[in-house]
Every structure is written in C-alpha cells, then in structure tokens.
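Here is what each chain is made of, one letter per residue.
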Amino acid sequence: MIKNIQLLGQKLIATVARLGQASVFLYHILLTMPGVLIRPKLIIKQLYSTGVQTLIIILVAGTFVGMVLALQAYYVLVDFGAEDSISQMVVLSLMRELGPVITGLLFAGRAGSALTAEIGLMKSTEQLSGMEMMAIDPMQRVMAPRILAGFLAMPLLTAIFMAVGVLGGYLVAVHGVGIYEGVYWSLAQTKVDFYTDLMNGMIKSVVFGLVIVWIAVFEGHDSVPTSEGLGQATTRTVVHGSLAVLGLDFLLTALMFGDI
Amino acid sequence: MNTKVIETTVGLFVVFGFAAFFMLAMNVSNLITYESSEGYQVHARFDNIGGLKVRSPVAVGGVRIGKVAAIAYDNEAYEAVVTLEIEPKYNKFPTDTSAGILTAGLLGEQYVGLEPGAEEEYLKSGDEITVTQSAIVLEEIIGQFLYSKADEK
C-alpha cells in the first residue's frame, strides 16, 4: 500500500521535473531566436519538411471532413426544413473546432513524429555533440529553426484546412443535396464573425503549433539514444502532442466562447 | 532535392496559406459587412423584442439595409431600446416610418422590418422611430388561442 503511494509520488515528481526541463529547454531556444532570424534559409528548409510535406494529408482530410459535415448536417436539418443552415453548421464547426484540432492532430502525427525521430537520431549518432565540439550551438542551429517553422506552418495549414473544408461542404451542399449556391455563401457571411470565429480558430492553431513542436523537439533531444528509446520518444511525441491539443482545445474554447 | 525547388515550394505554400485565409475572411465571414457598417443610427422602442440579437438584419421589403447595432433596456419606461444601424445610401426614410420585429419563416431568425411612412421629412442619425410593433411570441398566441377556445364552451 505504502509502496504504491510512494510509486505515485515518484511518478508525479518525475513528471514535474520533466516539465521543468522542457520549460528550461524552451527558454534556451527562445534565447537563441535572434540569431536564427538572421539566417532565414534554415527556417525555409524546416518549413518545407514540416509545412509543405504535411500539406497533402491536410488537403485530403480537410476536403473529406467538410463533405462529411455537410452530409451529416443535411440529414439532421432536413427533418426541420432547415437544410439551408448547412453552411452555418459546416463553417462554424470547421473554424471553431475541427480546423485547428484536426490539423493539430495530423500535424503531431506527420510533422511532430518526424521531428522527434530526426533529432533523436542526430543525438544517437552524436551529431549534436559534434556540433558542440565545433562551437556551434545545436539549440540555435537545429532546435530553434524547427520550433519557429512549426509555429509558422500551423496557422497556414489550419487556414488551408478550413478553406478546403468549406469548399468540400460547398460541393456536397450545392452539387450533392441541392442547396442554392447563394444561400450557402450568404448564410455563412451573415452568421460567421471574423473575430470570434475565424481569428479565435487561428489563435488556437498558433498555440497548438507551438506546443506540438515544443513537445516534438524536446522529446527528440531528451530521448534515450538507442533504437528502442528513439521509438518510445516518437510514440510519446504523438501521444502527448495529441493529448495536449485536445486538452488545450477545451481550455481555449472555455476562455474564448465561455462568456458569450 | 536542391535548394531552389525547396524555396519555391515553401513560397507556394505560404502564398497558398494566405490565400486560404483571405478567402475565408472575405467569402465566409462577415468582414465585408463590418467595413460597410458605418451607417447612421436610429432608435426604436419595443415592448418585447423576442429573440432579436445584436447583428440581426434590418430589412425593408425583404432587402437587407442594415443591422441591429445595440440592444438596451430602458429602466424608466420599461421598454427595450433597439439601435438600428442603416447603411448611408438608404437615407430617405420618412419620420413616420414604422418598425416591427418579424420572423423569417415559421421558426427562422428574427429581424427588424421597416415600413416607410408618408412624411416629407427624413430620418436622421439619432432619431427615434415612434411607431413600432413588438415581436410575436408564439407561446402567447397559443395561450390566447387556448383561452378563447375554452371561453367558447
């Protein structure tokens, strides 16, 4: 009994310690940011591997999510004769929740895991210590551009996801179930607020992006430099990243829409 | 892959992302109606505004000409004061124009419908519409109907 409680305490202390390590790690990276901004080439390269390579999955997922939302909304709303409201349902759910959250989950799976594996492998092949030997700060050369790229890529990916989702919904609503085109767009325009809906969704995506790359880069840097440790670190990135997205989404939603 | 291709695709990605955001802002949200919203304001008093909300449309003959800018409650007169914001190009409403709270469809959203009067003077910013008709509350009508049925027996 005592032993179990001790185990629980041990776990908690380990978690808090890790959280502290991660914060110090992020702080160190942020300190090196000015040096990174002078060399935008590094960031562009990372934008390619985190942003561009995630684009395909975002496009496909966005289209289908939009289409499915429109179809499901139609089945429910047609009973009330309110099928014209499809666009409101599709656009609001995409902007407020599904856009940032699904993009975040896909981003954690596609870009986050790749980041962890890459940095973990750099560590296990001692490239990071090699850099330090050459007086190159790996925080500045390796970690900071990756953090910045993820931070920039997430809102762009989210905007693309939302836009493609809205178009997917349009496809089903107008060409599938026969809502008038003008009704689809005009209802979205009157019911969707630029600040409370679109901008809040974008703020969410920025927060998610930062948290995901933070977790991914930290897990890679902190991984046990063996093939097994690398696998575990990659898994942790995806699991913790996804959980962080879902948990933070609830918090942000409560903050943003709570008092309306 | 060489640097040129990477830089080009990243550039395309950024352009694509901003284009998506721009399309969402312009086509799908109310940003455009925000910009054209610098109209003149008139007030109208109602006993009951039903489900009217800020940003509900203001329409004449079914054409949208503005929106509800604010809703307040007058503690002295026990009335709701609705501030209507009307686009500047629609500036020829006579002073005896009447306002009513109407419903689009049976269960649709509520909006303020204006009915132009016959006076020769026009409404200006800050004026008050005196002839108003409150929202129809479905429960009250059903209640009245039931009572009248009961009285018949």
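Worth saying up front: this structure is predicted, and the values here are computed from it rather than measured.

Participant: Can you help me understand unusual backbone geometry in this one?
Facilitator: Note: most residues except glycine have negative phi, and most peptide bonds are trans. Residues and elements named next belong to chain A. Unusually for a residue other than glycine, Glu126 sits at a positive phi of about 60°. Relative to the assigned elements, Glu126 resides in the loop between helix H4 (86-124) and helix H5 (127-133). Within the chain, Ala135 stands out as a residue other than glycine whose phi angle is a positive 65°. By the secondary structure assignment, Ala135 is in the loop between H5 and helix H6 (138-176).

Participant: Looking at this model, I keep getting lost on the packing of H4(A) against helix H8 (residues 194-222) of chain A. Mind explaining?
Facilitator: Two numbers describe a pair of packed helices, the interaxial angle and the distance between the axes. Residues and elements named next belong to chain A. Relative to each other, H4 and H8 sit at 15°, their axes nearing to 8 Å. For the element pair H4 / H8, the angle class is roughly parallel. The handedness of the crossing between H4 and H8 comes out as right-handed. Across the contact of H4 with H8, the residue classes break down as 14 nonpolar, 12 polar and six charged.

Participant: I keep staring at the interface of chain A and chain B and nothing clicks. Help me out?
Facilitator: A common way to report how large an interface is uses the accessible area buried once the components associate. Between chain A and chain B, the residue contacts involve 23 residues of the former and 20 residues of the latter. Secondary-structure elements contributing two or more residues to the side of chain A that touches chain B are helix H3 (40-77), H6, helix H7 (181-191) and H8 of chain A. No other element matches the seven residues that H3(A) contributes to the side of chain A that touches chain B. Taken together, the residues of the side of chain A that touches chain B break down into 17 nonpolar, three polar and three charged.

Reading guide: rules and limits
Residues numbered from 1 in each chain as written. Chains lettered and ligands numbered in written order. Predicted model: local features only at pLDDT ≥ 70, side-chain atom pairs only at ≥ 80, totals over all residues. Helix = DSSP H or I, 4+ residues; strand = E, 2+ residues; numbered from the N terminus. Axes fitted to C-alpha atoms, helices over the stretch in contact; angles between N-to-C directions. Parallel < 35°, antiparallel > 145°, perpendicular 65-115°, else oblique. Left-handed = near helix turned anticlockwise from the far one by under 90°. Nonpolar A, V, L, I, M, F, W, Y, C, P; charged D, E, K, R; others polar. Contact = placed C-beta atoms within 7 Å.

This is a description of form; function is not addressed.
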